[in-house]
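Structural features, examined
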Amino acid sequence: MKSLWSALKRFRSKLRKKLGFSPDEWEEVVEQLLIEADVGISLTEQIIEELSGILSSKPSEEEIINALRTSLLRIFSDHPVTNLLEAPFAQKPFVLFIIGVNGTGKTTTIGKLAYLYTKKGFKVVLGAGDTFRAAAIEQLEKWAKRSGARIIKGSYGGDPGAVAYQAIESALAQGDDIVILDSAGRLHNKRHLMEELAKIRKVIKKKISDAPHETLLVIDATTGQTGLEQARIFKEFAEPTGIVLTKMDGTAKGGIALPIWHELKIPIKLVGVGEQPEDLIPFNPEEYVNALLPSKDEK
Ligand SMILES: Nc1nc2c(ncn2[C@@H]2O[C@H](COP(=O)(O)OP(=O)(O)OP(=O)(O)O)[C@@H](O)[C@H]2O)c(=O)[nH]1
Ligand SMILES: [Mg+2]
């Protein structure tokens, strides 16, 4: 898979270069690397605290890396790992609502999902709920054509809740398996825009009371620590059930996955690794931690 975890691998190669340090220097090395990787100060301190026992016992490099691996994996252990791309959907239609700050990759992620689900034989309908940005409807339309999914459009400047409602109504009438609802990008610090999300969710529930079955918050991994702040506020208004971490193929350090999961208890479900339809992969904690840390045979 193209440039998978490339950014994380840079972290790993940096860590590898540090091998040979004395145990006394390790605490600082690990701390600095975790902060550089966007893990954030508070979680980094917690991880260092957990490692302090082993670090004071003059460990081998292998012991240090194993302890770090255990500590990082523990963070991800409180949620079962689900592969949204393979999931057998209990509900029909299964409704996904895609939200996030401007330009994070919402529409592209929807396009990829539409492509991947259609390829698996699911009948997919998209709701063009970004009625705010000029050209947003056309952008989604291109993805619909590319994937063979149907699309329900409103008018530019129209009510996004109405589009969501119509998309679900259409899916029920046509027997579609999956509904994916786009939304306009919004800054997390604009209260009225955040409240609009809560309203759209209410409208969705009028049609199917337990929908949206997934509310995915899309976070651009290249924006570092602000991702945590975005997740905190979106959680308050829209109850995201998972995160899509996009642009992990670029310069992103990817460490933001850890504090979002740990502090906000929102699991990372999907990772964007490019702009092509296949560039969306399920998040796997072990793969992620392995990409971060060098293994014994790599030394
Ligand atoms: N390299 C890379 N680029 C991505 C990825 N996901 C999205 N993009 C790009 O990011 C840009 C913004 O993507 P959109 O899907 O339009 O983002 P959006 O969140 O819908 O934006 P708004 O609707 O304006 O809020 C586009 O140029 C995408 O091609 C990814 O995983 N990797
Ligand atoms: Mg968009």
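For clarity, every value in this text was computed on a predicted model and none was experimentally measured. (Residues numbered from 1 in each chain as written. Chains lettered and ligands numbered in written order. Predicted model: local features only at pLDDT ≥ 70, side-chain atom pairs only at ≥ 80, totals over all residues. Heavy atoms only, no water.)

1. Some words on helix α4 (residues 61-75)
- Compared with the 21 Å implied by 1.5 Å per residue over 15 residues, the 22 Å span of α4 between its first and last C-alpha is a close match.
- For α4, every residue scored as buried is listed here: Ile64, Ile65, Ala67, Leu68, Arg69, Ser71, Leu72 and Ile75. (Helix = DSSP H or I, 4+ residues; strand = E, 2+ residues; numbered from the N terminus. Expected span 1.5 Å × (residues − 1). Buried < 20%, exposed > 50% of the residue type's maximum accessible area, 1.4 Å probe, protein only.)

2. A look at a negative patch on the surface
- There is a patch of like negative charges on the surface, built from Glu25, Glu27, Glu28 and Glu49.
- If one sorts the elements of the negative patch by residue count, helix α2 (residues 23-36) sits on top with three residues.
- Examined against the element boundaries, Glu28 turns out to sit in helix α2. (Patch = residues over 30% accessible without salt bridge, like charges linked within 9 Å, V, L, I, M, F, W, Y side chains within 5 Å. Areas by Shrake-Rupley, 256 points an atom, 1.4 Å probe, with all protein chains shown as cover. Salt bridge = Lys/Arg side-chain N within 4 Å of Asp/Glu carboxyl O. Lys, Arg positive; Asp, Glu negative; His and termini not counted. Charge placed at Lys NZ, Arg CZ, Asp CG, Glu CD.)

3. So, the pattern of salt bridges
- Counted under the stated rule, the structure contains 15 salt bridges.
- Salt-bridge contacts for Glu195 lead to Arg191; the nearest nitrogen and oxygen are separated by 3.0 Å. One end of the pair is Glu195 and the other is Arg191, both in helix α8 (residues 191-207) and four residues apart, which spans about a single turn.
- On the basis of relative accessible area, Arg191 is assigned to the exposed category, the value being 53%.
- When the shortest N-O distance is used, the salt bridge between Asp220 and Lys247 registers 3.3 Å. Taken together, the residues Asp220 in strand β5 (residues 214-220) and Lys247 in the loop between β6 (242-246) and α10 (257-264) connect sequence positions 27 residues apart.

4. Quick word on the sheet that holds strand β1 (residues 94-100)
- With respect to topology, eight strands assemble into an open sheet ordered β3-β2-β4-β1-β5-β6-β7-β8, the strand pairing being mixed. Two strands in the sheet have a free side with no partner beyond their single neighbour: β3 (150-153) and β8 (280-282). Averaged over neighbouring strand pairs, the angle between their axes works out to 25 degrees when direction is ignored.
- Judged from the three bridges that link them, β6 and strand β7 (residues 268-272) form a sheet pairing that is parallel. Paired with Leu245 across the two strands is Val271, which belongs to β7.
- Relative to the sheet, helix α7 (residues 160-174) contacts β1, β2 (124-128), β3 and β4 (178-181), its axis offset from that of β3 by approximately 145 degrees.
- Strand contacts of α8: β1, β4 and β5, with the helix running at about 175 degrees to β1, the strand carrying the most contacts. (Pairing = 2+ DSSP bridges. Axes fitted to C-alpha atoms, helices over the stretch in contact; angles between N-to-C directions. Contact = heavy atoms within 4.5 Å.)

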